[in-house]
Amino acid sequence: MRETDADFAAWARARQLRLLRATFLVSGDPKRAERLVLSALTSLALHWHHVRQGDPDAYVRTRVQHSAVAAAEGDLHADRIPSELPQHLRDLTPRERAVLVLRWYEGRSVDDTAEVVGRSPERVRRAERRARAALAPGAQRPLTDDGVTAALEAAVAGVREVDLAERAWHDALLHRATTRRRAATAVAAAALVIGGATLAGRDPVITAASAPSPVSLTRVPLLQQAVWHTTSGGLRYVVAPTAGAEADQPVLDVGMPAVIDPGRPHHLASGPRPTGLGAFGDAVYLERRAPGRWVPVLLYGDGELLTLDTVVLTDVRTASGQIHPPLGIWAFSGDKTALAFAQPGKVVVFDVGTRQVHTVAVPSRTLEWAAWRGNHLLAGSAVGLWSPGVAPSRPGPEPPRRPGAREFRVEGGRTVLDEHAPDVGTRPQTVGWPRITPAGETVSDARQFASAFRLAAGGPSDVEAVRPRQVIVATNSLGRDRMLVFGEEQPRAADCCSVLGWTVRGDLVYVSDAPSGTWIMAWNVETGVVRRVSHFLTSHEVPPVIALGARFTVG
């Protein structure tokens, strides 16, 4: 159960919109409908290889309708009436709405409907008559069958499709892994009890008081250690998971959703302020709206998305003519309340809390980047370095060095490391293998820094990996290096593995872009263990470009 089963995905995608709309008609809340359908599909994914030969439609229909009725009845008990349904549907009880949906939206028989809602066929017929009459208040006769169907279709016209297939399969994987870990923990605990009793010279007796309780147990993570290797030069390294094996890695919870799904419903920065969204975002990515035109999307830890539709961006063109999307890893300010984007001749700043957009003119049509050093904004191109809104243009005699205490770059064909703040008087030190050519940025926190590098053609001969082409090197405050090596067992993207930032625990977060998909991964530089953070569902409209915000350090 690794990659999403193709048959399951095809089955789910053929029915997910209909399921979402049917669930909305009963629950009255589109977001709740999404959660309920996702839960039902996850349950189906767990049992797919058994249920697929039977009736998966009935399996999901029963679970989703039971959940929707229970949730809506809970709203009634709490005096909450679903406000997004038309009034004639709000006047019905949740069970009456379920009868209406099953009979005239899904076309089920009276007996099938009775079995799903847990009522006798006669009570189903009575509920159906009352519901049909409620759809045409004041009319001399109830609506015809076609009229009922048309009324329900009109009520759900605004419910958008959300791709839930991959999310459901992924959640099933996590559920299965958690169940196995709990089972292993219980077996280990029982073994300790039995072993202790045996050593004490008496028969083991497990009573209700001594048996492990899920409530009282505290999960103790297993000690994990990667397999370390050493190069001929003494550099210690581990080999990254092979391309396509990211989903099999253990999960590291850093506050980001397990699946970053751009297909789920978005809030709009120009619309009413939704409840629950704070002034901090956990990440930001770009959506392509037209060739060369982008709109940023703010991602929250619970998976909620806020489209910054008041910010329309274009590609950034460097002095050498290269074109790239206008998002860098330093997009978030130090306090995570503002975002900055480089644009030709200006920097665009979005305040997450107030949702206001500010534009600062910069005299460079080839502005390459905008970045924050804490809450101090900088922008740069090949002709100069600027502090928008803080100081006038301050051109430098050489391409500006990126913000941060340390930075790798190429000078005269050699890779150099600058361990100082941007200053034209500093003298960078030359570095050698394996730092061949920097790929992306250098990220640092108070204790360590790291960057990705491309290896030269032919690659080093003393690295135990399949055709190594890229590495990530992390260096701590004592100057000790550790390396993560990426092989080419599958052709990866040119910049497959760029670094993004550090977690509060000291794990390095990076992007793994491979034919199997785009993954946000975390590497613990002490243990060498690589874990999975999020599956980023990228596409032609959403490239694998992302910047981290709250809960992460990028400096």
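Data block above holds the structure.
A brief look at the structure comes next. Everything quoted here is computed from the prediction, not taken from an experiment.

With respect to unusual backbone geometry
1) Next: For Arg-467, which is not a glycine, the phi torsion comes out positive at approximately 45°.
2) Next: When you line up the elements, Arg-467 lands in the loop between strand 22 (448-454) and strand 23 (470-476).
3) Next: Since its relative accessible area comes to 46%, Arg-467 is described here as partly exposed.
4) Next: A positive phi angle is found at Arg-551, which is not glycine, with a value near 75°.
5) Next: Along the chain, the position of Arg-551 falls in the loop between strand 29 (546-548) and strand 30 (552-553).

Side note on the side chain of Thr-42
1) Next: Along the chain, Thr-42 falls in helix 2 (residues 30-46).
2) Next: Here Leu-38 takes part through its backbone oxygen, which lies 2.7 Å from a polar atom of the side chain of Thr-42.

Some points on the pairing of strand 11 (residues 338-343)
1) Next: Most of strand 11 sits out of view: six of its six residues are buried.
2) Next: Every second residue of strand 11 is oriented toward a common face, with Ala-338, Ala-340 and Ala-342 on one face and Leu-339, Phe-341 and Gln-343 on the other, all of them buried.
3) Next: Summarising the sheet, strand 11 and strand 12 (residues 346-351) pair through six bridges and their orientation is antiparallel. Counterpart to Phe-341 in the pairing with strand 12 is Val-348.
4) Next: Here strand 11 folds back onto strand 12 in antiparallel fashion, the turn holding two residues, of which Gly-345 has a positive phi close to 80°.

Definitions and limits used
- Residues numbered from 1 in each chain as written.
- Predicted model: local features only at pLDDT ≥ 70, side-chain atom pairs only at ≥ 80, totals over all residues.
- Heavy atoms only, no water.
- Helix = DSSP H or I, 4+ residues; strand = E, 2+ residues; numbered from the N terminus.
- Buried < 20%, exposed > 50% of the residue type's maximum accessible area, 1.4 Å probe, protein only.
- Polar contact = N/O pair within 3.5 Å; in protein donor to acceptor, adjacent residues only side chain to side chain.
- Pairing = 2+ DSSP bridges.

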